[in-house]
Amino acid sequence: MRPEEGFARRAGALLRAAANDLKRDDENAERELGLEKGTFAQYADGRRPVDWELMRRAAQTWPLNERDLLPLHDDSPAGVRIMRQEESRASSRVLSRAGEPYYEYRDTAMSRIASYRPEWIRMLRVVDDNEPENPLVQWNRGHLLYQFTYFIGPVNYYYRWDGVSHCVPMETGDSVWGLPFAPHSFAARTSAEPACILALTYGGSLVGDAQRELAVLGNAATQALAVPLAEGARLPGAAIRSFMDAGAVTVAELADRTGISPRRTEELAGGSVSPDAKELALLATGLGVSVRDLLLPRSGTVDGVSVQHARDARSWVWPGDGATAYRITRLAGDPLHPHTSALQVDVLLDDVEQAAPLTTYQHQYLYVLGDDPVGLRWEFAGERFEYTLGPGDSAYVRPQVPITFAAARGGRPRVLLLRISGAVTPEVRYAVGTMAAGGIDRYVAEDRLWYS
Ligand SMILES: [Fe+2]
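About the thresholds
Residues numbered from 1 in each chain as written. Predicted model: local features only at pLDDT ≥ 70, side-chain atom pairs only at ≥ 80, totals over all residues. Heavy atoms only, no water. Donors = N, O, S within 2.8 Å, 3.2 Å for Na, K, Ca; no water. Buried < 20%, exposed > 50% of the residue type's maximum accessible area, 1.4 Å probe, protein only. Helix = DSSP H or I, 4+ residues; strand = E, 2+ residues; numbered from the N terminus. Arc of directions from axis to C-beta. Contact = heavy atoms within 4.5 Å. Axes fitted to C-alpha atoms, helices over the stretch in contact; angles between N-to-C directions. Parallel < 35°, antiparallel > 145°, perpendicular 65-115°, else oblique. Left-handed = near helix turned anticlockwise from the far one by under 90°. Domains from an automatic or database assignment. Pairing = 2+ DSSP bridges. Phe/Tyr/Trp six-rings, centres within 6.5 Å; stacked < 30°, edge-to-face > 60°. Lys NZ or Arg CZ within 6 Å of the ring centre and 35° of its normal. Polar contact = N/O pair within 3.5 Å; in protein donor to acceptor, adjacent residues only side chain to side chain.

The next thing to look at is the coordination of the iron ion. Ideal geometry at a metal centre gives angles of 109.5 degrees when four donors are arranged tetrahedrally and 90 or 180 degrees when six donors are arranged octahedrally. Looking at the iron ion, the protein donor atoms are His143 (NE2), Gln147 (OE1) and His184 (NE2), and they sit 2.0 to 2.2 Å from it. If you list the donors of the iron ion from N- to C-terminus, the spacing comes out as H-x3-Q-x36-H. Classification of Gln147 by relative accessible area gives buried; the value is 9%.

Next up on the list: helix α4 (residues 52–61). Of the residues making up α4, those classed as buried are Leu54, Met55, Ala58 and Ala59. Buried residues of α4, seen end-on, are gathered within an arc of 130 degrees and therefore sit on one face of the element. Across from the buried face of α4, at angles greater than 90 degrees, the exposed residues are Trp52 and Gln60. Residues of α4 that are buried sit in contact with α1 (3–21), α2 (26–33) and α3 (40–44).

Mapped onto the elements of the fold, Glu231 is located in the loop between α7 (219–225) and α8 (238–246). The exposed category is assigned to Glu231, whose relative accessible area is 75%. Placed 54 residues apart in sequence, Glu231 and Thr285 show a C-alpha to C-alpha distance of 28 Å.

On to the packing of helix α9 (residues 251–258) against helix α11 (residues 277–287). Between α9 and α11, whose axes approach to 9 Å, the crossing angle comes to 110 degrees. Taken together, the axis directions place α9 and α11 in an arrangement best described as roughly perpendicular. Here α9 runs over α11; the crossing is right-handed. Residues Leu254, Arg257 and Thr258 of α9 lie in contact with α11, whose contacting residues are Leu282, Leu283, Gly286 and Leu287.

This part is about the domain arrangement of the protein. In many analyses, interface size is given as the accessible surface area lost on bringing the parts together. Examined at the domain level, the protein breaks down into domain 1 (3–71) and domain 2 (309–420). Centre-to-centre separation of domain 1 and domain 2, based on C-alpha positions: 41 Å.

Across the sheet, which stays open at both edges, the three strands sit in the order β17-β16-β19 with antiparallel pairing between neighbours. Looking along the sheet, the strands with just one partner apiece sit at the ends: β17 (383–389) and β19 (403–407). The average undirected angle you get between the axes of adjacent strands in this sheet is 20 degrees. Note: strand β16 (residues 374–380) against β19, five bridges, orientation antiparallel.

The subject of this paragraph is α9. When we look at burial in α9, the residues that qualify are Val251, Leu254, Ala255 and Thr258. End-on view of α9: buried residues confined to an arc of 100 degrees, all on one side of the axis. In α9, the exposed residues that point more than 90 degrees away from the buried face are Ala252 and Asp256. In this structure, the buried residues of α9 make contact with α8, α10 (262–268) and α11.

It is worth spelling out the packing of aromatic side chains at this point. Applying the stated criterion to the full structure yields 16 aromatic pairs. An angle of 20 degrees between the planes, with centres 5.4 Å apart, marks the rings of Tyr146 and Trp177 as stacked. Here Tyr146 is found in strand β5 (residues 146–152), whereas its partner Trp177 is found in strand β8 (residues 175–178), with 31 residues between them in sequence. On the basis of relative accessibility, which here comes to 9%, the residue Tyr146 falls in the buried class. A centroid spacing of 5.5 Å and a plane angle of 10 degrees characterise the contact between Trp378 and Tyr387, whose relative ring orientation is stacked. Classification of Trp378 as buried rests on a relative accessible area of 2%. Among the aromatic residues, those joined into a cluster by ring pairs are Phe151, Tyr157, Tyr159 and Phe186. Stacked on the ring of Trp450, the Lys or Arg Lys23 has its end atom at 5.3 Å from the ring centre.

A separate point is the side chain of Ser111. Assignment of secondary structure puts Ser111 in the loop between β3 (100–107) and β4 (116–123). A polar contact is formed between the side chain of Ser111 and the side chain of Asp75, at a distance of 2.7 Å. Here the side chain of Ser111 touches Ile113 through a polar contact of 3.0 Å, landing on its backbone nitrogen. Not counting residues within four places of it along the chain, the set of residues in contact with Ser111 comprises Asp75, Ser76, Arg81, Arg117 and Tyr396.

Put into structure tokens, the structure is as follows:
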């Protein structure tokens, strides 16, 4: 199937799903959208392209947004999208700060399916100290996207949190994960060797629908919806209070449902006291939710960042049995993002046949570090693909695509993997896992009226 055919088919399926949601059959949809008799089915099955005019009319007539009818472009139809170093180099541009060249940026592999915006960046500014307030350091104002950064060479990392500036001298293999909107900067400690970073920014579930919804709801509502997690501001009972509000449940009613005393219930509801395991189970049953819904996540960030130096990073071999294919090193991350994993992979085997494939539910980004090329094999839709990637090459890998690395030409290649989740949160995975038989087929491509 040509890419534009897939796009048209997905657009048609979204139109059909929207009409179903609004309980419009073909005849009613045609009348309301001013379409010729008999054409709605052709739009819905992709024979006629859903054009801007039709989307505009649908968004005007029906309570939906143009965006609801817009599918994604599939730019990695073979499961993996590779970007060669030459292509990255061709995207090179120098960004100035305060009128002076400060960074050289190069794009690396991105995909329209995932929220990665990964850049290779070379530091053009050289400093001769590790002072956070060095006037040569030019700060940004922070940005929305989460940033995982991998350091190559003598790079100083600067970050600011609550008005206090910090500087951490980094070496190759060090990494950091940072929260949105914290100002930061980078500089080289010497011009004698390359000082670069891989700045792997991504939005995850913060971008897309959530941001659009909150932009309409506005600032005050977003402030009210925000759940603080920092020590001191964190209220373990916040989730309990939310469900009480949702169900219009009083303290007396919850106490009655759970058998927990009204005084203790009051203390637990929205307070700073954590329920014990037995109370959690009673509260979950009383509120009709799962225990996990009542638990707040934690963040291990200090002043907005999690720093992982290579010298004390955990590493192990993989897989646990059979031929050892890789040495894996765990890089910076945070419990706030349990579905983000940053890994450094040292490839130990020359023979791709012997190496075990790596598979994950996450979107994957990979970048070839070091000087040695690496063989990459993957399987997608029953087909097998094999490429050799050189240093500086990068790739995007779709979820659930098994990939295998092998050393090419006797080298010892090293690959950086950053795995993230997208819009498919655990809630969505549970939902598709509980659909009625045949539901998944229709969820990914609605092809019929909801009744016959
Ligand atoms: Fe950044």
